[in-house]
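# Coordinate analysis (summary)
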Amino acid sequence: MEKRFITIEDTTLREGEQTPGVAFNEKQKRTIVEKLAEANVKFIEVGIPIMGSLEYQTIKNLASDPNVPTLIGWNRGRKEDLDKTLEAGLKALHIGLPSSDIHIKEKFNKSYDWVIETAIELVEYAKKQGAEFISVSAEDMGRANSEFLKRYARALAKVGASRMRLSDTVGCLMPSQVENIVKMLKKEVPEDFDFQVHMHNDFNLALANVLAGVDAGANQVHVTINGLGDRAGLASFHQVIPALESLKGYQTDINMKKIPEISRLVSEYSKLPVAGNEPIVGEHVFTHESGIHVDGMLKVKESFEAFDPEMLGRKHEFVLGKHSGSAAIQYILAQEGLDISRDIAKDIIPAIREVSTILGTHVSPSLAVSLAKNVMKSKSLVV
């Protein structure tokens with residue numbers, strides 16, 4: 001059976017740059033675009049042209065390059081925003097419009113009819129101005145009225161929008177709710193009308209909500225590198241792609257071996273470090289110290305890893321520390337050219353644990369060799 005294809009759109013340069021304190025210059029934006037292209041990302045939300053100044057010029061310069069992926073400009077629900085995006089040379093655009101009562105009635109003092117009428121007017125206007133791809137939001141759809149969402153989806157499909165972006169703007173949804181919303185809306189529109197899930201991570205549910213949305217029928221996903229974005233950020237590129245492909249069996253066409261490099265690049269540009277235990281890209285996620293784990297992996301490498309790190313161009317590593325066992329000690333010392341018996345390895349464990357506790361970290365292979373030789377000398381063994 002052919003795998004279902006899921007379209008990945010990266011919004012590091014728009015949503016990601018809304019992370020407090022993050023501001024990418026043109027050179028950085030261009031490099032990020034190039035690296036995403038190398039990873040086979042086909043759609044990139046590149047920024048907000050109506051901001052003008054350096055932002056507009058950067059977007060215009062990127063749009064003039066025929067070798068970049070499809071670049072999408074983000075817009076408020078205003079014609080002047082669309083004009084600026086098209087003036088910058090972009091043929092693909094997104095229109096942000098609200099869908100919850102909190103935003104429609106309380107923030108904007110508008111009605112459901114106003115949202116739908118505005119969306120129809122702007123989609124038709126963008127088409128007349130030459131836009132080739134038009135995405136429209138249901139912002140804060142997690143707190144929206146269900147009957148209104150149905151009307152809104154039907155209107156967007158009928159007017160010829162390219163897709164509807166379902167935005168869990170404040171990250172308040174549970175996976176079961178996302179599933180129900182997507183299934184509900186899929187029934188209201190033609191089969192070829194697409195939905196994109198845009199899931200915020202305020203309760204650490206962004207990845208689970210993405211998977212729920214895709215399982216329910218959404219064919220597009222919005223992500224950022226390292227999960228950048230407002231507040232707790234958005235569903236992260238490095239988590240979503242492997243989960244879609246390895247856990248769910250979907251196809252994305254993304255070159256996952258590029259993921260660690262892109263993560264490091266954006267971490268450097270954003271000045272926001274990636275935690276050592278961050279799934280997929282963290283420094284320690286394929287590093288094993290626990291004696292039980294290392295012993296198991298030396299026998300069956302899948303015993304304590306859910307997938308092969310080679311998929312990401314990475315490899316697992318064993319280190320010696322407070323929780324190491326004899327199997328790990330034997331293995332690592334053998335890599336350093338010192339072969340010892342299991343009994344000798346057991347005698348070395350206390351020294352490894354003591355030094356690791358004093359250092360507050362793992363013991364380097366060279367230090368482990370020195371400790372082993374000292375223990376062996378104390379037992380009058382030839383080294």
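Look above for the structure.
The text that follows walks through the structure, step by step, so that each part is easy to find. (Residues numbered from 1 in each chain as written. Predicted model: local features only at pLDDT ≥ 70, side-chain atom pairs only at ≥ 80, totals over all residues. Heavy atoms only, no water.)

### Thoughts on the pattern of salt bridges
One pass over the full model with this rule turns up 24 salt bridges. Note that E38 and K258 form a salt bridge whose closest N and O atoms lie 3.8 Å from each other. Of this pair, E38 sits in helix α1 (residues 26-38) while K258 sits in the loop between α9 (237-247) and α10 (259-270), placing them 220 residues apart in sequence. Take K258: its relative accessible area is 24%, and that puts it in the partly exposed class. Connected through salt bridges with shared partners, the residues E9, R14, E15, E45, R163 and R165 form a single ionic network. (Salt bridge = Lys/Arg side-chain N within 4 Å of Asp/Glu carboxyl O. Helix = DSSP H or I, 4+ residues; strand = E, 2+ residues; numbered from the N terminus. Buried < 20%, exposed > 50% of the residue type's maximum accessible area, 1.4 Å probe, protein only.)

### Brief notes about the packing of helix α13 (residues 342-359) against helix α14 (residues 365-378)
Contact geometry of α13 with α14 gives a least axis separation of 9 Å together with a crossing angle of 130°. Compared by their axis directions, α13 and α14 come out oblique. Remark: the crossing between α13 and α14 carries right-handed chirality. On α14, the residues that touch I344, D347, I348, A351, I352, V355 and L359 of α13 are L367, A368, L371, A372, V375 and M376. Tallied by class, residues from the contact of α13 with α14 come to twelve nonpolar, no polar and one charged. (Axes fitted to C-alpha atoms, helices over the stretch in contact; angles between N-to-C directions. Parallel < 35°, antiparallel > 145°, perpendicular 65-115°, else oblique. Left-handed = near helix turned anticlockwise from the far one by under 90°. Contact = heavy atoms within 4.5 Å. Nonpolar A, V, L, I, M, F, W, Y, C, P; charged D, E, K, R; others polar.)

### A look at the layout of surface pockets
In this structure, the largest pocket occupies an estimated 580 Å³ of space. The wall of the largest pocket is formed by 29 residues, among which W74, G96, L97, F108 and E139 lie closest to the centre. Counting residues per element, the ones that place at least two in the lining of the largest pocket are β3 (70-76), β4 (92-96), α4 (101-107), α5 (112-128) and β6 (163-168). Counting residues per element, the lining of the largest pocket draws most heavily on α5, at four residues. Considering only residue class, the lining of the largest pocket consists of six nonpolar, eleven polar and twelve charged. (1 Å grid on protein atoms, 1.4 Å probe; cavity = no way out; pocket = protein on both sides within 12 Å on 5 of 7 lines; lining within 4 Å. Points joined across faces, edges and corners; volume = space filled by probe spheres on them.)

### Quick word on unusual backbone geometry
A negative phi holds for most residues other than glycine; trans holds for most peptide bonds. In the Ramachandran plot, R231 falls in the positive-phi region, its phi being about 55° despite a non-glycine side chain. Relative to the helices and strands, R231 is located in the loop between β8 (220-223) and α9.

### Concerning the sheet that holds β8
The eight strands lie next to each other as β1-β2-β3-β4-β5-β6-β7-β8, forming a closed barrel whose pairing is parallel. For this sheet the average axis-to-axis angle between neighbouring strands, irrespective of direction, equals 25°. In this structure, β3 lies alongside β4, joined through five bridges in parallel fashion. Across the sheet, the residue bridging to N75 is I95, located in β4. Across the sheet, α5 is in contact with β4 and β5 (133-138); its angle to β5 comes to roughly 165°. (Pairing = 2+ DSSP bridges.)

### A closer look at the packing of α5 against helix α6 (residues 146-159)
A pair of packed helices is captured by two measures, namely the crossing angle of their axes and the spacing between those axes. Viewed as axis vectors pointing N to C, α5 and α6 meet at an angle of 15°, and their least axial separation amounts to 10 Å. It follows that α5 is roughly parallel to α6 by the angle criterion. Along this stretch, α5 crosses α6, giving a crossing that reads as right-handed. Counted together, Y112, D113, V115, I116, A119, I120, V123, E124 and K127 of α5 and F148, R151, Y152, A155, L156 and V159 of α6 form the full contact between these two elements. Its residues assigned to classes, the contact of α5 with α6 shows eleven nonpolar, no polar and four charged.

### A look at the pairing of β5
Counting buried residues along β5, six of its six residues qualify, which places the element largely inside the surrounding structure. The alternating pattern of β5 places F133, S135 and S137 on one face and I134, V136 and A138 on the opposite face, and all of these are buried. Of the strand pairs in this sheet, β4 and β5 are connected by four bridges, and their pairing is parallel. Of the residues in β5, the one forming a bridge with L93 is I134. Judged from the four bridges that link them, β5 and β6 form a sheet pairing that is parallel. Bridge assignment links A138 to a residue of β6, and that residue is L166. Each parallel crossover has a hand, and for β5 linked through α6 to β6 it is right-handed. (Right-handed = clockwise from strand over helix to strand, strands pointing away.)

This is a description of form; function is not addressed.
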